[in-house]
Amino acid sequence: MSLDIDRGYPAIRARHVWHRYGAFEVLRDVTFDVHHGEIFGFIGPNGAGKTTTIRIMATLLEPMAGRVEVDGLDVTMAPEEVRRIIGYMPDHAGVYDRITVREYLEFFADAYRIPSLGVVDAVLELTDIRALQNQLVVTMSKGQKQRLQLARILLHDPKVLILDEPASDLDPRARIEIRDLLLDLQSLGKTILL
């Protein structure tokens, strides 16, 4: 599903991407586009190279060959600029358990050098975890922690969200809630790869 926002270039463009670990070839000639405002499902069997591709898009790994661009920026040539426009949520991201939800988000807002803590209130509202803001992270369910991770990556208002299995290990209700949240984010103009 796409909002069909045309900027003259895709939100994500992968061209002839190759990568291997030792002699094991993980990616071979991967090419695709994700358009602005689109929710793009990147699927394949275990070991197909999905996480490797996502790590390349998130500037955590360089391709051995090929090129990946995010919002027109080459991830290898301009990694810092790319990091400013993406929100990356890895599969099984860790959280700090012994602080409150609000403290967690304020910590990351400070790390992103976000001048207004009003942003924390905004992402608490958007991700529907405001009622949990004074709760310790350790007491949250898996679905609530996934919403917290989404809130964290939204703090700097990224254009492109790169989510590695955001619904893994969630019960059916929590999956529906995450899906609805992703649709809300798309309606705000976010491009989402999951």
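Look up a bit, the structure's there.
The structure displayed is predicted, hence computed values, not measured ones.

**A look at the pattern of salt bridges**
Moving on, step 1. For the structure on display, the rule yields 13 salt bridges.
Moving on, step 2. Across the pair Arg102 and Glu106 runs a salt bridge whose closest N-O atoms are separated by 3.2 Å. Here Glu106 and Arg102 lie together in helix H3 (residues 101-111), a separation of four residues that amounts to about one turn.
Moving on, step 3. The exposure class assigned to Glu106 is partly exposed, which follows from its relative accessible area of 27%.
Moving on, step 4. A salt bridge links Arg179 to Asp180; its shortest N-O distance comes to 2.9 Å.
Moving on, step 5. One network of salt bridges, with partners in common, ties together Arg102, Glu106, Asp121, Glu125 and Arg130.

**Points about the sheet that holds strand S5 (residues 73-74)**
Moving on, step 1. Ordered by their spatial adjacency, four strands build an open sheet running S2-S1-S4-S5, and the pairing between neighbours is antiparallel. Pairing within the sheet leaves two strands with one partner each, and these edge strands are strand S2 (24-34) and S5.
Moving on, step 2. The pairing of strand S1 (residues 12-21) with strand S4 (residues 65-70) spans five bridges and is classified as antiparallel. In the sheet register, Arg15 faces S4, and the bridge partner there is Arg67.
Moving on, step 3. Against the sheet, helix H1 (residues 50-57) makes contact with S1, S2 and S4, and its axis sits at roughly 60° relative to S2, the strand it touches most.

**Quick word on the packing of H3 against helix H5 (residues 142-154)**
Moving on, step 1. In contact at an axis separation of 9 Å, H3 and H5 are set at 30° when each is read in the N-to-C sense. With respect to H5, the axis of H3 lies roughly parallel. In this structure, the crossing between H3 and H5 has a hand that is right-handed. Contacts between H3 and H5 involve Val101, Tyr104, Leu105 and Phe108 from the former and Leu148, Gln149, Ala151 and Arg152 from the latter.
Moving on, step 2. A per-class count over the contact of H3 with H5 returns six nonpolar, one polar and one charged.

**Observations concerning the environment of Thr139**
Moving on, step 1. Along the polypeptide, Thr139 turns up in the loop between helix H4 (118-126) and H5.
Moving on, step 2. Note: C-alpha distance between Thr139 and Asp97 (42 residues apart in sequence) is 8.0 Å.
Moving on, step 3. Of the polar contacts made by the side chain of Thr139, one reaches the side chain of Gln135; its length is 2.8 Å.
Moving on, step 4. A polar side-chain atom of Thr139 sits 2.7 Å from the main-chain carbonyl oxygen of Leu136.

Scoring rules and cut-offs
Residues numbered from 1 in each chain as written. Predicted model: local features only at pLDDT ≥ 70, side-chain atom pairs only at ≥ 80, totals over all residues. Heavy atoms only, no water. Salt bridge = Lys/Arg side-chain N within 4 Å of Asp/Glu carboxyl O. Helix = DSSP H or I, 4+ residues; strand = E, 2+ residues; numbered from the N terminus. Buried < 20%, exposed > 50% of the residue type's maximum accessible area, 1.4 Å probe, protein only. Pairing = 2+ DSSP bridges. Contact = heavy atoms within 4.5 Å. Axes fitted to C-alpha atoms, helices over the stretch in contact; angles between N-to-C directions. Parallel < 35°, antiparallel > 145°, perpendicular 65-115°, else oblique. Left-handed = near helix turned anticlockwise from the far one by under 90°. Nonpolar A, V, L, I, M, F, W, Y, C, P; charged D, E, K, R; others polar. Polar contact = N/O pair within 3.5 Å; in protein donor to acceptor, adjacent residues only side chain to side chain.

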